[in-house]
Amino acid sequence: MSSKDKTVSNVEKISALNEIFEDVISGASDLIKDLYWSVKTYLLFGLITILFGVQTLVYNMDTIQEHFYIPAFVAGTMLFAGTVQILNYFRLRKKYSRLFRVQDELKRA
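**Q** Outline the side chain of Thr56, listing residues and values.
**A** As for its position among the elements, Thr56 is in helix α1 (residues 3-59). For Thr56, a relative accessible area of 14% gives the class buried. Side-chain polar atoms of Thr56 contact the backbone oxygen of Phe52, separated by 2.7 Å. What Thr56 contacts, discounting residues up to four positions off in sequence, is Pro71, Val74, Ala75 and Met78.

Written out as structure tokens, the structure reads:
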């Protein structure tokens, strides 16, 4: 095999690898977008859960004063679950912040 044949073979390999990398990059961009919105949903559903917990507590205030604590337990559980969701949002946002920043820079370029 001559050096010219090796060069042509290497060019074909590089061309094939470039096509593969372009597919990976375009797929990674979609994956990052999906991940970004998935992280945002933690905040949204955390806030909604906290609001439902507060609503449950306020709506059942008379029942709680009569020493029926099941609504208070349900409200407390919802407040706790909402808080955990919001904490997960901040944890995941911090974890993937570099990835999101790179995605934003690539969109601008």
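**Q** Would you mind going over the side chain of Gln103 in detail, with residue names and values included?
**A** Following the sequence through the fold, Gln103 ends up in helix α4 (residues 97-108). Residue class for Gln103 comes out buried when judged on its relative accessible area of 8%. Sequence-distant contacts of Gln103, that is, excluding residues within four places in its chain, are made with Ser29, Ile32 and Lys33.

**Q** Please provide a residue-by-residue account of the packing of aromatic side chains, values included.
**A** Working definition: an aromatic ring pair is given by the centre-to-centre distance plus the angle between the planes. Applying the stated criterion across every chain yields a total of four aromatic pairs. Ring centres 5.2 Å apart and planes at 90° place the aromatic pair Tyr36 and Phe100 in the edge-to-face group. Placement of the pair is Tyr36 in helix α1 and Phe100 in helix α4, with a sequence separation of 64 residues. You can call Tyr36 partly exposed: its relative accessible area is 32%. Residue Phe100 is classed as buried on the basis of its relative accessible area of 10%. On the numbers, 6.3 Å between centres and 50° between planes, the contact of Tyr96 with Phe100 is tilted. We classify Tyr96 as partly exposed; its relative accessible area is 23%. Linked through ring pairs, Tyr36, Trp37, Tyr96 and Phe100 together constitute an aromatic cluster.

Conventions adopted
Residues numbered from 1 in each chain as written. Predicted model: local features only at pLDDT ≥ 70, side-chain atom pairs only at ≥ 80, totals over all residues. Heavy atoms only, no water. Helix = DSSP H or I, 4+ residues; strand = E, 2+ residues; numbered from the N terminus. Buried < 20%, exposed > 50% of the residue type's maximum accessible area, 1.4 Å probe, protein only. Polar contact = N/O pair within 3.5 Å; in protein donor to acceptor, adjacent residues only side chain to side chain. Contact = heavy atoms within 4.5 Å. Phe/Tyr/Trp six-rings, centres within 6.5 Å; stacked < 30°, edge-to-face > 60°.

Purely spatial values, then, with no claim about function.
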